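# What the coordinates show
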Amino acid sequence: MVYSATPAWSHARAVWSMVAVTLMWSIAGVVTRQLTQAGGFEVTFWRSFFTLLALLVILPLWQGAGWFRAVHWRNKALLLSGVCWSLMFTAFMLALTLTSVGNVLVTMAAGPLLTALVARIAIGHRMPARTAWAIVVAGAGIFYMFVRQFDAQGSLAGMAVALGVPIGSAINWTVVQRSQSHGERVDLVPAVLVGAVISTLVTLPLAFPFTATPADLGWLSLLGVVQLAIPCVLCVLCASVLKAPEVSLLALLEVIFGILWAWLGAGEAPAREVLIGGSLVIGALLVNELLGWRSRQSTPRIQVSE
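Calculation criteria
- Residues numbered from 1 in each chain as written.
- Predicted model: local features only at pLDDT ≥ 70, side-chain atom pairs only at ≥ 80, totals over all residues.
- Heavy atoms only, no water.
- Helix = DSSP H or I, 4+ residues; strand = E, 2+ residues; numbered from the N terminus.
- Buried < 20%, exposed > 50% of the residue type's maximum accessible area, 1.4 Å probe, protein only.
- Contact = heavy atoms within 4.5 Å.
- Areas by Shrake-Rupley, 256 points an atom, 1.4 Å probe, with all protein chains shown as cover.
- Phe/Tyr/Trp six-rings, centres within 6.5 Å; stacked < 30°, edge-to-face > 60°.
- Axes fitted to C-alpha atoms, helices over the stretch in contact; angles between N-to-C directions.
- Left-handed = near helix turned anticlockwise from the far one by under 90°.
- Nonpolar A, V, L, I, M, F, W, Y, C, P; charged D, E, K, R; others polar.

### Quick notes on the overall build of the protein
Along the backbone of the protein there are 15 helices and 0 strands. A burial count over the protein gives 51% of its 306 residues as buried. The long-range share in the protein, meaning contacts at least 24 apart out of those at least 6 apart in sequence, stands at 90%. Here the protein has roughly 14,000 Å² of accessible surface; of this, 68% comes from carbon and sulfur atoms.

### Quick look at the packing of aromatic side chains
Each aromatic ring pair is characterised by the separation of its centres together with the angle its planes make. As enumerated under the stated definition, the model contains 12 aromatic pairs in all. Ring centres of Trp46 and Phe49 lie 5.9 Å apart, and the angle between their planes is 80°; this geometry places the pair in the edge-to-face category. With Trp46 and Phe49 both in helix H3 (residues 41–63) and 3 residues apart, the pair spans about one turn of that helix. Among the aromatic residues, those joined into a ring-pair cluster are Phe45, Trp46, Phe49, Phe50, Phe208 and Phe210.

### Quick look at the environment of Leu242
Its location among the elements puts Leu242 in the loop between helix H12 (214–239) and helix H13 (244–250). Sequence spacing of Leu242 and Trp9 is 233 residues, and the spatial spacing of their C-alpha atoms is 9.8 Å. Among residues more than four places away in sequence, those in contact with Leu242 are His11, Ala14, Val15, Met18, Gln177, Val247 and Leu250.

### Some points on unusual backbone geometry
Residue Pro209 follows Phe208 across a cis peptide bond; omega there is -5°. Mapped onto the fold, Pro209 is located in the loop between helix H11 (190–207) and H12.

### Things to note about the packing of H3 against H11
Relative orientation of the contacting elements H3 and H11 amounts to 150°, with a least axis distance of 8 Å. Every pair of crossing elements has a handedness; the one defined by H3 and H11 is left-handed. Contacts from Phe41, Glu42, Thr44, Phe45, Ser48, Phe49, Thr51, Leu52, Leu55, Leu56 and Leu59 in H3 reach Pro190, Val192, Leu193, Ala196, Val197, Ser199, Thr200, Thr203, Leu204, Leu206 and Ala207 in H11. Taken together, the residues that form the contact of H3 with H11 break down as 15 nonpolar, 6 polar and 1 charged.

Given below as structure tokens:
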């Protein structure tokens with residue numbers, strides 16, 4: 001028996017939940033800048049470790065005491081999703097220690113373009129014209145920010161590491177989408193736990209010697225629980241309702257929120273080019289969702305069994 005605890009969410013609820021997810025994700029940069037001693041792989045290790053602990057509490061409370069035995073741990077989709085999560089966890093935090101918050105987030109914003117490409121190749125996904133145009137417009141804003149940020153203060157190594165996040169994200173959302181479209185009643189939420197375990201084990205030997213202060217551990221525990229465990233679980237649930245390119249497009253809000261937090265909380269003021277490019281991204285998101293809402297309102301609600 002394969003276990004699934006995914007609730008039936010409406011499209012609107014999934015969209016607003018993704019907005020909340022991006023708000024939680026976006027605190028990573030400003031929180032990381034509060035660390036005084038910890039750096040490099042140690043930062044990644046502690047965040048993944050605290051995420052692991054948080055999920056070991058969240059999953060039993062949410063899915064019941066028998067959740068572990070009910071999960072189909074050998075399912076290929078779950079394991080592949082877990083590997084993708086571990087890549088995203090590790091690349092993101094390591095990149096933040098190598099370059100600015102803005103550079104990391106701008107590089108991550110390539111996600112929708114990569115997701116659309118992977119979903120098209122892997123599962124033949126046909127996106128609505130509105131989403132395709134939104135990705136084009138958002139991509140233009142991202143390219144503009146990328147070029148200007150790189151010229152101004154970019155670190156090639158940090159941005160190269162950060163590129164692992166959208167690559168892992170594109171594969172991950174496509175895996176989730178495919179499992180749902182093929183009727184596999186697989187709960188991919190435990191994949192987040194698998195990712196945390198892999199990331200913790202891989203970065204542990206690289207984290208020595210530990211230098212984190214008690215205050216650092218407090219900040220890193222905040223990242224593990226609030227910035228990673230909770231929003232990642234919500235994000236997987238959203239991906240069971242929203243199309244893969246739509247999830248990745250909404251996730252671009254993290255770029256805007258993250259740059260704003262870094263500006264207000266860490267003094268990393270965004271350049272004029274970042275504000276212009278970010279406006280294009282936000283505009284593309286709003287237009288895409290507005291057109292999608294109007295389309296759903298005008299379409300008769302007919303239940304089709306696949």
